[in-house]
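Reading the structure
Below are the chains, spelled out letter by letter.
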Amino acid sequence: MLHTVLRRRAGGESVEQIQPDLIIPTGKRKGQNPSVASIYRALAEHATREAYPEAVEQAHADFTASRGSAEVRPKAAST
């Protein structure tokens, strides 16, 4: 969906014009249109990723490292 929004925005359309043509493909709201606010949020996240790619890569690396080093301990049985 983001690709569609970016392409149509580049063509001069507003988010409000694009929104009725978008359909959510999966999840609880499958088959419905995303809200205008959701589209603007996705555009803002995309702009952040484009502006700071090294920060996004570092955040992903930190997350992966924290997930890999976290110990999983079973809960102690109470007697």
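Residues numbered from 1 in each chain as written. Predicted model: local features only at pLDDT ≥ 70, side-chain atom pairs only at ≥ 80, totals over all residues. Heavy atoms only, no water.

1. Describing the packing of helix H1 (residues 2-10) against helix H3 (residues 36-51)
Our working rule: To obtain an axis, a line is fitted to C-alpha atoms, over the contacting stretch when the element is a helix, and the angle between two such axes runs from 0 to 180 degrees between their N-to-C directions. Numbered from the N terminus, helices here are DSSP runs of H or I no shorter than four residues, and strands are runs of E no shorter than two. Should an angle fall under 35 degrees it is called roughly parallel, over 145 degrees roughly antiparallel, and 65 to 115 degrees roughly perpendicular, with every other angle called oblique. Here, two residues are considered to be in contact whenever any of their heavy atoms come within 4.5 Å of each other. Classification convention: Asp, Glu, Lys, Arg as charged; Ala, Val, Leu, Ile, Met, Phe, Trp, Tyr, Cys, Pro as nonpolar; all other residues, Gly among them, as polar.
Following both chains from N to C, one finds H1 and H3 inclined at 85°, their axes separated by 11 Å at the closest point. Here H1 is positioned roughly perpendicular relative to H3, judged by the angle of their axes. Between H1, through Leu2, Val5, Leu6 and Arg9, and H3, the contact on the second element is made entirely by Ile39, Tyr40, Ala42, Leu43, His46 and Arg49. Grouping the amino acids of the contact of H1 with H3 by side-chain chemistry returns seven nonpolar, one polar and two charged.

2. Notes on H3
Note the following rule: Here a helix's expected span is defined as the number of its residues, less one, multiplied by 1.5 Å. Accessibility here uses a 1.4 Å probe with only protein chains present; expressed as a share of the type maximum, an area under 20% marks a residue as buried, one over 50% as exposed, and anything in between as partly exposed. The directions from the helix axis to the C-beta atoms are what the arc is built from.
With 16 residues, H3 ought to run about 22 Å at 1.5 Å a step, and its terminal C-alpha atoms sit 23 Å apart, in line with that. Within H3 the residues assigned to the buried category are Ile39, Leu43 and His46. Taken down its axis, H3 places every buried residue within 60° of arc, on the same side. Summarising the contacts, the buried residues of H3 are in contact with H1 and helix H2 (15-18).

3. Structural notes on the pattern of salt bridges
For the record, the criterion: For salt bridges, the criterion is a side-chain nitrogen of Lys or Arg within 4 Å of an Asp or Glu carboxyl oxygen.
Applying the stated criterion across every chain yields a total of two salt bridges. In this structure, glutamate 13 and arginine 8 form a salt bridge, with 2.7 Å as the shortest nitrogen-oxygen distance. A relative accessible area of 15% places arginine 8 in the buried class. Salt bridges sharing common partners tie together Arg8, Glu13 and Asp21.

Honestly, it's all geometry; don't read function into it.
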